Amino acid sequence: MAVAQYSALALIAFLVSPIMVMVMANSYEVDWATGVDFTDFATQNTFFAGDVLNFHYDSVHNNVVIATDGDEFDQCEMEPNLGYYQSGNEAFTLGEAGYYYFMCGYHCKSDGMKMSVFVN
């Protein structure tokens, strides 16, 4: 009887654990504009797979470009890229562990408007 109770508890824990992981994802608001210190934002937060970055910006003067790697990011190279967005509101789900590189095609070189985040 005791074995059956522990087996039932283990089964419940196994079934509930994926739900708990999904609930724990965080959503972060990113005011994507010149003059914002994105390094502080990126280092003051701990990101995990499943978290969402919500970019809000003036689509006439800004955009979001996702760099392919750190070298492209460092040089503010817009091509090639993993995505080019200009709606003014973008939601990016951080899908897996590693670095993600975001740049503004208009202000990366002139104002340093870019952000890298590390996902655990």
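Look above for the structure.
Our subject in this report is the structure included herewith. Source: prediction; values computed, not measured.

Rules used in this analysis
Residues numbered from 1 in each chain as written. Predicted model: local features only at pLDDT ≥ 70, side-chain atom pairs only at ≥ 80, totals over all residues. Heavy atoms only, no water. Helix = DSSP H or I, 4+ residues; strand = E, 2+ residues; numbered from the N terminus. Buried < 20%, exposed > 50% of the residue type's maximum accessible area, 1.4 Å probe, protein only. Polar contact = N/O pair within 3.5 Å; in protein donor to acceptor, adjacent residues only side chain to side chain. Phe/Tyr/Trp six-rings, centres within 6.5 Å; stacked < 30°, edge-to-face > 60°. Lys, Arg positive; Asp, Glu negative; His and termini not counted. Salt bridge = Lys/Arg side-chain N within 4 Å of Asp/Glu carboxyl O. Contact = heavy atoms within 4.5 Å. Disulfide = S-S within 2.5 Å.

## With respect to the environment of His 56
Note that His 56 resides in strand S2 (residues 52-56). Classification of His 56 by relative accessible area gives partly exposed; the value is 33%. When the C-alpha atoms of His 56 and Trp 32 are compared, they prove to be 5.7 Å apart, with 24 residues separating the residues in sequence. Within the structure, the side chain of His 56 is placed 2.5 Å from the side chain of Glu 29, a separation counted as a polar contact.

## Observations concerning the packing of aromatic side chains
What the rule picks out here adds up to 12 aromatic pairs. Both rings, one in Tyr 28 and one in Phe 47, keep their centres 4.9 Å apart while their planes meet at 65 degrees; by these two values the pair is edge-to-face. Here Phe 47 lies in the loop between helix H2 (38-44) and S2 and Tyr 28 lies in strand S1 (residues 27-31), a separation of 19 residues in the sequence. Of the two residues, Tyr 28 and Phe 47, both sit in the buried class. Centre to centre, the rings of Tyr 85 and Phe 92 are 5.0 Å apart; their planes meet at 75 degrees, and the pair counts as edge-to-face. Relative accessible area serves as the criterion here: at 28%, Tyr 85 is assigned to the partly exposed category. An aromatic cluster is defined as three or more aromatic residues linked by ring pairs; in this entry it consists of Trp 32, Phe 38, Phe 55, Tyr 85, Phe 92 and Phe 102.

## Concerning the side chain of Glu 90
Residue placement: Glu 90 occurs in strand S5 (residues 89-93). With no salt bridge to any partner, buried Glu 90 finds its closest opposite charge in Lys 114, at an N-O distance of 20 Å. A distance of 2.8 Å separates the side chain of Glu 90 from the side chain of Tyr 57, its partner in a polar contact. Excluding its chain neighbours within four sequence positions, the residues that come into contact with Glu 90 are Leu 53, Asn 54, Phe 55, Tyr 57 and Tyr 85.

## What about unusual backbone geometry?
With the exception of glycine, the majority of residues adopt a negative phi angle, and the majority of peptide bonds are in the trans configuration. Here the amide bond leading from Glu 79 into Pro 80 is cis, since omega sits at -5 degrees, within 30 degrees of zero. Structurally, the position occupied by Pro 80 is in the loop between helix H3 (70-74) and strand S4 (81-85). Its identity as a non-glycine residue notwithstanding, Cys 76 has a phi of 55 degrees, on the positive side. Position of Cys 76 among the secondary structure elements: in the loop between H3 and S4.

## Here we look at the environment of Asp 37
Secondary-structure assignment places Asp 37 in the loop between S1 and H2. On the basis of relative accessibility, which here comes to 42%, the residue Asp 37 falls in the partly exposed class. The sequence separation of Asp 37 and Met 113 amounts to 76 residues, and the corresponding C-alpha distance is 8.6 Å. A polar atom in the side chain of Asp 37 sits 3.1 Å from the backbone nitrogen of Thr 39.

## Quick look at the state of the cysteines
The tally for this structure, following the rule as stated, stands at one disulfide. Sulfur-sulfur distance for the disulfide between Cys 76 and Cys 108 comes to 2.1 Å. Residues Cys 76 and Cys 108 share a disulfide whose torsion about the S-S bond is about -70 degrees; that sign makes it left-handed. Of this pair, Cys 76 sits in the loop between H3 and S4 while Cys 108 sits in helix H4 (residues 108-111), placing them 32 residues apart in sequence. Per residue, the accessibility class of Cys 76 equals that of Cys 108, and both read buried.

Bear in mind that shape data such as this cannot, by itself, settle questions of function.
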